[in-house]
Each structure stands twice: as structure tokens, then as C-alpha cells.
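# Summary of the model geometry
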Amino acid sequence: MFLVLALCIFIAVFYCIITEKIPTPWATMLGGLTMSLLGILSQEKILEAISERLEILLLLIGMMIIVLLISETGVFQWFAIKVAQLVHGEPFRLIILLTVITAACSAFLDNVTTILLMAPVSILLAKQLQLDPFPFVITEVMSANIGGLATLIGDPTQLIIGAEGHLNFNQFLMNTAPVSILSMLSLLTTTYLFYGRKMKVSNELKARIMELDSSRTLKEPSLLKLASVIFSLVILGFILNNFINKGLAVISLSGAFYLVVLAKRKPKEILENLEWETLFFFMGLFMMIKGIEELQIMKMIGESLIRATEGNFHLAIFSITWISAIFTSIIGNVANAATMSKIIQVMIPSFHTLGDTNIFWWALSFGSCLGGNISLLGSATNVVAVGAAAKAGCKIDFIKFMKFGSLIAIENLIIASLYLYFRY
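Residues numbered from 1 in each chain as written. Predicted model: local features only at pLDDT ≥ 70, side-chain atom pairs only at ≥ 80, totals over all residues. Heavy atoms only, no water.

### Comments concerning the overall build of the chain
Selection criterion: Segments assigned H or I by DSSP are reported as helices when at least four residues long, segments assigned E as strands when at least two residues long, and all are numbered from the N terminus. Neither His nor the chain ends is counted toward charge; the positive residues are Lys and Arg and the negative residues Asp and Glu. Where a charge sits is defined by one atom per residue type, namely NZ (Lys), CZ (Arg), CG (Asp) or CD (Glu).
Across its full length, the chain holds 22 helices and 0 strands. The principal-axis extent of the C-alpha atoms belonging to the chain is close to 65 × 50 × 45 Å. Where the 28 positive side-chain charges of the chain centre and where its 27 negative ones centre are 6 Å apart.

Structural data, given as C-alpha cells:
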């Protein structure tokens, strides 16, 4: 009974998100709360669902505050002008440059942080060139998820997989980075075929871009210096977190609150500009995922997967890749990685005599990171980017995201599957 109700609620929420009959944050919150009212989840379980992933929410809040104050200095406009001038205003060259920067940053920083910084720049550039911001934003989102695949620290899913599989930084670099690079090439090729060829910017507009004085966009130099120092320390903290073990949320929030105090900002002017829609969306989604987990739906699917693939090593590898990609598009890459990791732990004893079972972890990594591009729900990066785009006047709905994202994901998953087959 509860299983049917939970699935109906999940489908209803998806319907509301796709059709936009109810704002996305309200849809997920209502879904989670309805599960509680019907007895699928207790209040304790709801609080547990949020607390289990509280690091993501607090990390987001901290980075939102830092990015908000950095944006007041005009440095995003300065960077946008510099980048546009570097490629002489050529739109597709600009997309290539921004995409590569985003992927490279995502490999070594949290990709949510990267997209928070890069999305405003790309939207500013598109508007400056009088182009649709959508190709810029969507390509950066895809590249953030793809770039996060390259290393152990690039995405929260990688940290989960690394911990469960006892895998180190160099192992990820040697096994997942090649697929990340190939996927980036595929992304840029597809973007060119869909959008790049159609992008036309007049010579007059290019000349105007080249004549812009980027230094005139900079303001509040004291705030810029302060924000630069604190932001640099936060990023350094992210990179060194495996050694200092303070936690991404603590590092992010510490930087944010030191910055607001030193910049003498009042709570109201900061809090009213936070992206509360994004935060409530995540809270509702976490509740719904908890409801699905409590009913052991994923466990049932996992057991079916083990029965279906037992004795067939190659089938098991490809099943993990593609099934985890599908799960990721529905429940998000973090929840998928956490759940599928447990299933792989159960599968390993049945397959350890047939081959190197570390391949299962790489398959899960590919499915989780690349599958995150299928839908808006696939990754925190997607939700943050769409929220930032909406704030800047560029609306990206569920269907629009999925049309391009699923195409990129399928291409990348085929690349990953071929890589797994020929390399291992």
C-alpha cells in the first residue's frame, strides 16, 4: 500500500515539475510532506533526511553569500569582458573557453561552487553579445558534471565511491579522467552542431566588445580585496579538506560569515538575496528520496540486478553504468552513489573470481556523474545553475533541460561503455 502511494507521489511531483503547474520548490516540499502525512515517513525521518545531506545545504548557503558579495564588486563583469576580448567576440570560441574553464575548475573544486561562479559570467557575456544565454549555461552545467568525474574531489559522488571502494586520488585520475576528456570533446561537438553554427555576432558588436574598458566595471576595491582573500582561503580549504578534515560546509560558512562581518553587511540585505527556492527544492527532494529508501525500493531493484547479472561480468558492468545513470536522473547522483555503493558491496563476492571488481566502482562513477546530465534532478549543479539563470532572466524548464541533457548523457554513457569494454 505504502509502496504504491510513494510511487504515485513521486510521479505526481514529477508531473508538476515538468508541466510547471506548481513551482518546483513547492512541488518537492509538498511531495515530502505528503509522504509524512500519509505515514510513509515520520517527523524524525524527515529531519534525518535533511540532516544526512545538511552539508550540501550549508555549503550552498555559504557559497551563495560569498558569490553575492563578490558580484557586488563588478569582478564578474570584468572577467566577462576579458574573456570575450580574448576570443575577439567569437561566440563559439567563447563557449569552448568557458566550458573548458568550468570543467577544469570542477575537477578540483566542488562543481556547485564552480557553477555559482561561472553561470553569472556566461549570462553576462551572452547578453553583451545579444545572444540567447541558454547554450552558454547548459553547456557549462554539462561540463561541470563531466569535469567532476575526472578526480576523487570533483564531485560528492566521487567521494562516496572512493570511500566505499577504498580508492585513492591517483586511481580516479587514471581511470575516470580519460572518459571525462572524451566526454568533453563529445559535448563541444554536439553543442557546435546544435547551436554553434547558428551563432552570429555582427562585426560592429565584436568591435564594440573589443573597445570596452574592463577596469571601469570594478567597484568597491576594498571589498574586492577582502572577498578575494577570503574566497582564496575557502578554495584552498576545499582542496586541502582531505588533510585538514574540517568539512566543506564549515569551510564555506566560515568564509561567508567572516566576509559579511568584515564587509559590515546587515543580515537582512544578505538573507533576502539568498536563493531560497533552490534550498527548499533540495529539502523537499531529500524528504522524498528518504521515503523511497524507507520502502526499500532501491534494495529490491538491486537484488533483481544481482540475480539478472550473476555470472556475467560484462553484463554486470554495463548494468551498473546505465541503471545508475537512470536512477541518478530521478533521485540525484549523491543518493544514487550512496545506494548503488551498497548494492556493489553485495555483488563483489559473486564476481571477484571473474575479474577485477574495481571496474564496478568506475562503472558507478560514470553512471552517477554522466547520468547527472539527464534531468534537472540529476545533480545539485543543475538546480543551482537553473536557479541562477532564472534570476538573470534566462528561464530553463525541465523539458528544455532534459532534451539537450539526455542527448549529451547518452553520448557520454556510450563513450564510457566502450571505454569500459576496451580498456578492461
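More follows now that the structure is in view.
### Observations regarding the nonpolar core
Let me state the cut-off plainly: Take the buried residues of types Ala, Val, Leu, Ile, Met, Phe, Trp, Tyr and Cys, join any two whose side-chain atoms come within 4.5 Å, and each joined set is a nonpolar core. We call a residue buried when its accessible area falls under 20% of the maximum for its residue type, exposed when it is over 50%, and partly exposed in between, using a 1.4 Å probe and counting protein chains only. Contact between two residues is taken to exist if any of their heavy atoms lie within 4.5 Å; hydrogens are not considered.
Among the nonpolar cores identified, the biggest contains 144 residues, and Leu60, Phe282, Met347, Phe360 and Phe366 are the most heavily contacted of them. With 13 residues, the top contributor of residues to this core is helix 4 (residues 54-71). Apart from the residues within four sequence positions on either side, Phe282 is in contact with Leu57, Leu60, Ala380, Val383 and Val384.

### Focus on the packing of aromatic side chains
Here is the rule: Classification of ring pairs uses Phe, Tyr and Trp, with its six-membered ring standing for Trp, and accepts pairs whose centres are within 6.5 Å; under 30 degrees between planes counts as stacked, over 60 as edge-to-face, and the remaining range as tilted. Charge-over-ring placement is defined geometrically: NZ (Lys) or CZ (Arg) within 6 Å of the ring centre, and within 35 degrees of the ring normal.
For the structure shown, the criterion picks out 12 aromatic pairs. A ring pair is formed by Phe351 and Phe360, whose centres lie 5.5 Å apart and whose planes are at 80 degrees; its orientation type is edge-to-face. Take Phe351: its relative accessible area is 0%, and that puts it in the buried class. A residue is classified by how much of its surface remains accessible, and Phe360, at 0% relative accessible area, is buried. Through successive ring pairs, a cluster of aromatic residues spans Phe134, Phe194, Tyr195 and Phe404. Directly above the aromatic system of Phe134 lies the positively charged group of Lys400, at a separation of 4.4 Å from the ring centroid.

### Quick notes on empty space enclosed by the protein
The line we're drawing: Points on a 1 Å grid, built from protein atoms alone, make a cavity when a 1.4 Å probe fits but cannot get out and make a pocket when they are open with protein on both sides within 12 Å along at least 5 of 7 lines; residues with an atom within 4 Å of a point are the lining residues. Grid points are joined across faces, edges and corners, and a volume is the space filled by probe spheres set on the points. All residues other than Ala, Val, Leu, Ile, Met, Phe, Trp, Tyr, Cys, Pro, Asp, Glu, Lys and Arg, Gly among them, are scored as polar; the first ten of these are nonpolar and the last four charged.
Counted by the stated rule, this structure contains 1 cavity of 30 Å³ or more. Estimates place the volume of the largest cavity at around 130 Å³. Together, 18 residues line the largest cavity, and Phe282, Phe286, Gly332, Asn333 and Val334 are the ones closest to its centre. Where the lining of the largest cavity is concerned, the elements lending two or more residues are helix 16 (276-294), helix 19 (333-351) and helix 21 (380-391). Take the lining of the largest cavity: its biggest share by element is 5 residues, from helix 16. Residue composition of the lining of the largest cavity, grouped by class: 13 nonpolar, 4 polar and 1 charged.

### Describing the state of the cysteines
Going by this rule: What counts as a disulfide here is a pair of cysteine sulfur atoms lying within 2.5 Å.
This structure, assessed with the given rule, holds 0 disulfides. The thiol of Cys105 is not disulfide-bonded; the next cysteine sulfur, from Cys369, is found 17 Å away.

### Quick notes on the side chain of Asp155
Take Asp155: it is sitting in the loop between helix 8 (134-148) and helix 9 (156-165). Every residue in contact with Asp155, bar those within four places of it in the chain, is listed here: Asn111, Gly148, Asn333 and Cys369.

### Digging into the packing of helix 9 against helix 19
Keep this limit in mind: Structural elements are reduced to axes, namely lines fitted to C-alpha atoms, with helices fitted over the stretch in contact, and the angle between N-to-C directions of any two is expressed from 0 to 180 degrees. Note that the term roughly parallel is reserved for angles under 35 degrees, roughly antiparallel for angles over 145, roughly perpendicular for angles of 65 to 115, and oblique for everything else. Rotating anticlockwise by less than a right angle from the far helix to the near helix defines a left-handed crossing, while the corresponding clockwise rotation defines a right-handed one.
Across the interface, helix 9 lies against helix 19 with an axial gap of 9 Å and an inter-helix angle of 15 degrees. When the axis of helix 9 is compared with that of helix 19, the two are roughly parallel. In this structure, the crossing between helix 9 and helix 19 has a hand that is right-handed. Judged by residue contacts, Pro156, Thr157, Ile160, Ile161 and Glu164 of helix 9 engage Asn333, Val334, Ala337, Ala338, Ser341, Lys342 and Gln345 from helix 19.

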